[in-house]
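# Architecture at a glance
Next come the chains, spelled out residue by residue.
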Amino acid sequence: MERILATYYIETPYAPEKAAAVLAGEQSSGTFVAVPGETAELKQRFAARVESVEVLETVNEPAIPGATSKDGKYHRAIVKVSWSIENFGYNLPVMVSTLQGNLYEITQFTGLKLMDIELPASFGEQFKGPAFGIEGCRQLTGVQGRPMIGTIIKPSIGLSPEQTAAMVKTLAEAGIDFVKDDELLSSSGNSSFNDRVDAVMNVINAHADKTGKKVMYAFNLSGEVDEMLQRYEKIVNSGGTCAMISINSVGLAAAKKIMDQRQLAIHAHRNGWGMLTRHPLLGIDYKAYQKIWRLAGADQMHVNGIQNKFWESDDSVVASIEACLTKMFDHKTVVPVVSSGQWGGQAFETYRRTKTVDLLYMAGGGIMAHPMGAAAGVVALQQAWKAAVDGLTLEDAAKQYKEFAAAVEKFGKR
Ligand SMILES: O=C(COP(=O)(O)O)[C@H](O)[C@H](O)COP(=O)(O)O
Ligand SMILES: [Mg+2]
């Protein structure tokens, strides 16, 4: 029977092997005490197995609250645990409850992070993965050989559908590939979802009729399941190509229900992510996280950005981009969405470190607040990426391109 393998980074005041055994017991057939039904046969078939324990450093302070060490020492280790897929079948919520459930509450751990998951081959057949992925999104937007360039409508909340549509018109005329609602807006007092779809799609469809280029707009349909399905249909019927879901707040099964429709590219916004990963010894690493969402069917996934406005290091962002671009089964590959405080200046370092143009590169404030207007903001981003791929430095690019020079003047000196 196939098994699923999870890698954890742990910290414990006990022998790491002992703590790992507690984890394996608690997360499969065992509990805090032997129970009569837990026969040797049942255990043999259903118990989780500790596959390996690699002991790392010892520290003097616990990373998070848990059992107190008698000798004041806390041991860190990389632990691999496996489960038979018989335990949960092809059920993502139960898989997540097994790999990421009560184990975070086990007192024997003063730190625990799920680092990676190895999925058996049959998962590649049972789950279809992204419906569009990189190639599909490139076809929908008509962009080849460079990153898709996008923006987030800002102010995030407060604009009317007409104001949003007017902004989309300006951006489309400037050559933008992708626009999205902010995660804070789905249907608000002055911008109902349906009215916004009507106003924005009028602009996008008219622009597509005129130029042949259809801007991809990710409408944030996050809500209750029935409401999301209605909104999805509204986007499809209006000629839209993309829907956005706040995946953490909507939840795995509800988000997958939307992804399963497979008519629109799904922009997976990971807001709430900091809560799941910011502590180095708690939560889940992006490498494991993105695998779960690719199985569910996300086409585009946020990875933050180089020199971002948040806490994440460049190394972590680069690792996330690499994780997304790593092939999974024979599925389509998810598009890494670079965003957070981007304005074009970071294109050089992004390209230097990743050597890829298979990105959706987004700037909200970096486009909307461009000193020469949002249209010039789009142009500046295009220039920055062309220059980065051509091997120019930021300084050379600023000498060559006037819109990019204005962006450097405004954003480069913060
Ligand atoms: O609204 C923005 C960015 O706006 P701006 O371009 O004005 O900074 C996005 O929600 C975050 O980038 C998401 O971050 P992450 O990629 O970490 O999920
Ligand atoms: Mg946002």
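Cut-offs applied
- Residues numbered from 1 in each chain as written.
- Chains lettered and ligands numbered in written order.
- Predicted model: local features only at pLDDT ≥ 70, side-chain atom pairs only at ≥ 80, totals over all residues.
- Heavy atoms only, no water.
- UniProt positions renumbered as here; feature names shortened; annotations may be inferred.
- Donors = N, O, S within 2.8 Å, 3.2 Å for Na, K, Ca; no water.
- Buried < 20%, exposed > 50% of the residue type's maximum accessible area, 1.4 Å probe, protein only.
- Near = heavy atom within 4 Å.
- Polar contact = N/O pair within 3.5 Å; in protein donor to acceptor, adjacent residues only side chain to side chain.
- Areas by Shrake-Rupley, 256 points an atom, 1.4 Å probe, with all protein chains shown as cover.
- Nonpolar A, V, L, I, M, F, W, Y, C, P; charged D, E, K, R; others polar.
- pLDDT = per-residue confidence, 0-100.
- Helix = DSSP H or I, 4+ residues; strand = E, 2+ residues; numbered from the N terminus.
- Phe/Tyr/Trp six-rings, centres within 6.5 Å; stacked < 30°, edge-to-face > 60°.

Under an unreviewed UniProt entry, the name given to the protein chain is Ribulose-bisphosphate carboxylase large chain, and the organism recorded is Lacibacter cauensis. Recorded under Sequence similarities (unreviewed entry), the UniProt text for the protein chain is reproduced unchanged: "Belongs to the RuBisCO large chain family."

Moving on: the coordination of the magnesium ion (ligand 2). Surrounding the magnesium ion (ligand 2) are the protein donor atoms Asp182 (OD) and Glu183 (OE), which sit 2.2 to 2.3 Å from the metal. Given the relative accessible area of 5%, Asp182 is considered buried.

Neighbouring residues of ligand 1: 16 residues in total, closest Asn304, Ser339, Gly341, Gly364 and Gly365. Between ligand 1 and His269, the relevant distance is 2.9 Å, taken from an oxygen atom to a side-chain nitrogen or oxygen of the residue. Contact between ligand 1 and Lys309: an oxygen atom at 2.9 Å from a side-chain N or O atom of the residue. For ligand 1, whose free accessible area comes to 460 Å², the fraction covered by protein is 92%. By residue class, the composition of the shell around ligand 1 is three nonpolar, eight polar and five charged.

A word on the confidence of the model for the protein chain. Per-residue confidence for the protein chain gives a mean pLDDT of 97, with 100% of residues at or over 70. Our summary of model confidence lists the complex with pTM equal to 0.97 and ipTM equal to 0.94.

Now for the UniProt feature "domain: Ribulose bisphosphate carboxylase large subunit C-terminal" (unreviewed entry) in the protein chain. Per the UniProt entry, the sites bearing "domain: Ribulose bisphosphate carboxylase large subunit C-terminal" (unreviewed entry) are residues 133-411 in this numbering. Taken end to end, residues 133-411 is 50% helix and 13% strand, and its first and last C-alpha atoms sit 32 Å apart.

This next bit is on the packing of aromatic side chains. Inspection of every chain in the model, using the stated rule, returns 14 aromatic pairs. Relative to Tyr289, the ring of Tyr286 lies with its centre 5.9 Å away and its plane at 45°, an arrangement referred to as tilted. On the criterion of helical spacing, the pair formed by Tyr286 and Tyr289 is a turn pair, its members being three residues apart in helix H12 (residues 286-296). Residue classification places Tyr286 among the buried positions, given a relative accessible area of 4%. The exposure class assigned to Tyr289 is buried, which follows from its relative accessible area of 4%. Ring centres of Trp343 and Phe404 lie 6.2 Å apart, and the angle between their planes is 15°; on these two criteria the pair is classed as stacked. Within this pair, whereas Trp343 is found in the loop between strand E12 (335-338) and helix H14 (347-354), its partner Phe404 is found in helix H18 (residues 402-411), the two being separated by 61 residues in sequence. Summarising the burial analysis for this pair, Trp343 and Phe404 share the class buried. Through successive ring pairs, a cluster of aromatic residues spans Trp273, Tyr286, Tyr289 and Trp293.

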